[in-house]
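Descriptive structure summary
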Amino acid sequence: EAGVAQSPRYKIIEKRQSVAFWCNPISGHATLYWYQQILGQGPKLLIQFQNNGVVDDSQLPKDRFSAERLKGVDSTLKIQPAKLEDSAVYLCASSSRTGGSRTDTQYFGPGTRLTVL
Amino acid sequence: QKEVEQNSGPLSVPEGAIASLNCTYSDRGSQSFFWYRQYSGKSPELIMFIYSNGDKEDGRFTAQLNKASQYVSLLIRDSQPSDSATYLCAVRGSSASKIIFGSGTRLSIRP
């Protein structure tokens, strides 16, 4: 079974530029998550999708971040314009169940390391 | 108070010894608890999860949960240098859906 795929793996941009990340979850997984992990911290949930609907986006800075999962499969996370504090690893994860089951577990992709200069 | 707290470490343990990693959480209604291992520059990898009070064993790993004390731990027996990594505790709260991660404990196994 193929794992969660993400691209690109690395991205360097200047502040105020825009950037987009792509994620393809494990086949058949209904729930997709985007996390931001700043160096030395644990992952912070940005947005959670169940199929193509948003379950939680309470910590997504909506003035600059956007995400979509139009067909309920792959997803794109965009930052526009980027700030220096957006430098982090952006992790995508997926899980098979609805996300509400206590045994539901998340599997992470390799992440995209973003550096904003 | 942070929702999920871990000692950042580093925790240094001699090879072959037992490593004990601890995590406390603030939401008393939390439903399930996860331990992830994260090597430097890599993404988190699930080690195990637990949702009932008591111990759960998987190979060299044992997760322990005490809901009354809002405390979960991970024991690693016969520690190996390959166990050197950051260990993330994650908690699914009473809202059922959202998982909150701690900031991780850095573990170093010295030969």
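Criteria and thresholds
- Residues numbered from 1 in each chain as written.
- Chains lettered and ligands numbered in written order.
- Predicted model: local features only at pLDDT ≥ 70, side-chain atom pairs only at ≥ 80, totals over all residues.
- Heavy atoms only, no water.
- Helix = DSSP H or I, 4+ residues; strand = E, 2+ residues; numbered from the N terminus.
- Rg over C-alpha atoms; globule rule 2.2 N^0.38 Å.
- Buried < 20%, exposed > 50% of the residue type's maximum accessible area, 1.4 Å probe, protein only.
- Contact = heavy atoms within 4.5 Å.
- Lys, Arg positive; Asp, Glu negative; His and termini not counted.
- Charge placed at Lys NZ, Arg CZ, Asp CG, Glu CD.
- Disulfide = S-S within 2.5 Å.
- Pairing = 2+ DSSP bridges.
- Buried area = accessible area lost by both parts, 1.4 Å probe.
- Salt bridge = Lys/Arg side-chain N within 4 Å of Asp/Glu carboxyl O.
- Nonpolar A, V, L, I, M, F, W, Y, C, P; charged D, E, K, R; others polar.

What to know about the overall build of chain A
When helices and strands are tallied, chain A shows 0 helices and 11 strands. Helices and strands in chain A line up, N terminus first, as β-β-β-β-β-β-β-β-β-β-β. Taking 117 residues into account, the globule formula puts the C-alpha radius of gyration at 13 Å, and chain A, at 13 Å, falls close to it. Put simply, chain A has 117 residues, and 45% of those count as buried. Nonlocal contacts in chain A, meaning residues at least 24 apart in sequence, comprise 55% of its contacts between residues at least 6 apart. Once the 14 positive and 10 negative side-chain charges of chain A are each reduced to a mean point, those two points are 3 Å apart.

Brief notes about the state of the cysteines
This model, assessed by the stated rule, comprises 2 disulfides over all chains. Across the disulfide, Cys23 of chain A is cross-linked to Cys92 of chain A (sulfur-sulfur distance 1.9 Å). With the S-S bond torsion at -70°, the cross-link from Cys23 of chain A to Cys92 of chain A turns out left-handed. One end of the pair, Cys23 of chain A, is in strand β3 (residues 19–24); the other, Cys92 of chain A, is in strand β9 (residues 88–95), and 69 residues separate them in sequence. On the basis of relative accessibility, which here comes to 0%, the residue Cys23 of chain A falls in the buried class. Paired through a disulfide, Cys23 of chain B and Cys89 of chain B show a sulfur-sulfur distance of 2.1 Å. The chirality of the disulfide connecting Cys23 of chain B with Cys89 of chain B is left-handed, given an S-S dihedral of about -70°. Of this pair, Cys23 of chain B sits in strand β3 (residues 19–25) while Cys89 of chain B sits in strand β9 (residues 85–92), and the two are 66 residues apart along the sequence. Residue Cys23 of chain B shares its accessibility class with Cys89 of chain B, and that shared class is buried.

Here we look at the sheet that holds strand β7 (residues 61–66) of chain B
Residues and elements named next belong to chain B. If you walk across this open sheet you meet the 5 strands as β1-β3-β8-β7-β6, and the pairing is antiparallel. Among the strands making up the open sheet, the edge pair consists of β1 (4–5) and β6 (54–58). Strand direction decides the pairing type here: β3 and strand β8 (residues 71–76), joined by 6 bridges, are antiparallel. Among the inter-strand pairings, Thr24 is bridged to a residue of β8, identified as Tyr71.

Here we look at the interface of chain A and chain B
With 27 residues of chain A in contact, the opposing surface of chain B contributes 20 residues. Here chain A and chain B share an interface that buries about 1,700 Å² over both sides, 52% of which is from carbon and sulfur atoms. One can count 0 salt bridges joining chain A with chain B. Of all the secondary-structure elements, those providing two or more residues to the side of chain A that touches chain B are β4 (31–37), β5 (44–50), β6 (53–56) and β10 (107–108) of chain A. For the side of chain A that touches chain B, the leading source of residues is β4 of chain A, giving 3 residues. Classifying every residue of the side of chain A that touches chain B gives 9 nonpolar, 14 polar and 4 charged.

Structural notes on the pattern of salt bridges
Scanning the entire structure with this criterion turns up 5 salt bridges over all chains. Between Lys62 of chain A and Asp57 of chain A there is a salt bridge, and its shortest N-O distance comes to 3.7 Å. Taking the shortest distance from any N to any O, the salt bridge between Arg77 of chain B and Glu57 of chain B comes out at 3.4 Å. Separated by 20 residues along the polypeptide, Arg77 of chain B in the loop between β8 and β9 and Glu57 of chain B in strand β6 bring together distant segments of the chain. Judged by relative accessible area, which is 27%, Arg77 of chain B ranks as partly exposed. Taking the relative accessible area as the measure of exposure, Glu57 of chain B reaches 59% and is therefore exposed.

Examining unusual backbone geometry
In this structure, Pro81 of chain A follows Gln80 of chain A across a cis peptide bond, with omega equal to -5°. A cis amide bond, omega 10°, links Gly9 of chain B with the succeeding residue Pro10 of chain B. Among the secondary structure elements, Pro10 of chain B is positioned in the loop between β1 and β2 (11–14). Here the phi dihedral of Asn51 of chain A falls at roughly 55°; this positive angle occurs in a residue that is not glycine. For Asn51 of chain A, the position within the fold is in the loop between β5 and β6.

Coordinates in, geometry out; function isn't part of it.
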